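Here is what each chain is made of, one letter per residue.
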Amino acid sequence: MNDVSRAVAGRITEKRRVLKNGKTVVYHQLQQWVDGKNVTTHIPKGCLTAFTEAVDGHEKLRSLISELSSVDTKAITEDPSVKKNL
């Protein structure tokens, strides 16, 4: 079954930073559109898995909505009780 327990719109990106000692550190950010603007939120290391699952959940939810829309469209167009305007 398609279970969606959390859904977060956006995309997770990596940002690499080289420290003074030469060591490379990887940070993760959530980028999403909010009110027409690209908003970036830092993802703490311990929350990366939860955010990844939530972004995947959002994609599954979008897919399920699209599938439902297709099924409903087909059901309505094939319903003989719906009058067609000619």
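Each remark here, short or long, concerns the structure printed above.
Source: prediction; values computed, not measured.

Taking 1.5 Å of rise per residue, the 31 residues of helix H1 (residues 48–78) would be expected to cover 45 Å, and the 45 Å separating its terminal C-alpha atoms lies within 8% of that figure. All of the buried residues along H1 are Ala54, Val55, Gly57 and His58. Of the surrounding elements, those touching the buried residues of H1 are strand S1 (11–18) and strand S2 (24–34).

A word on the pairing of S1. Both S1 and S2 contribute to a ladder of 8 bridges, which runs antiparallel. Residue isoleucine 12 lies in a different strand from S2, and its bridge partner there is leucine 30. The loop that links S1 with its antiparallel partner S2 comprises 5 residues; one of these, glycine 22, has a positive phi angle of about 95 degrees.

Rules and cut-offs
Residues numbered from 1 in each chain as written. Predicted model: local features only at pLDDT ≥ 70, side-chain atom pairs only at ≥ 80, totals over all residues. Heavy atoms only, no water. Helix = DSSP H or I, 4+ residues; strand = E, 2+ residues; numbered from the N terminus. Expected span 1.5 Å × (residues − 1). Buried < 20%, exposed > 50% of the residue type's maximum accessible area, 1.4 Å probe, protein only. Contact = heavy atoms within 4.5 Å. Pairing = 2+ DSSP bridges.

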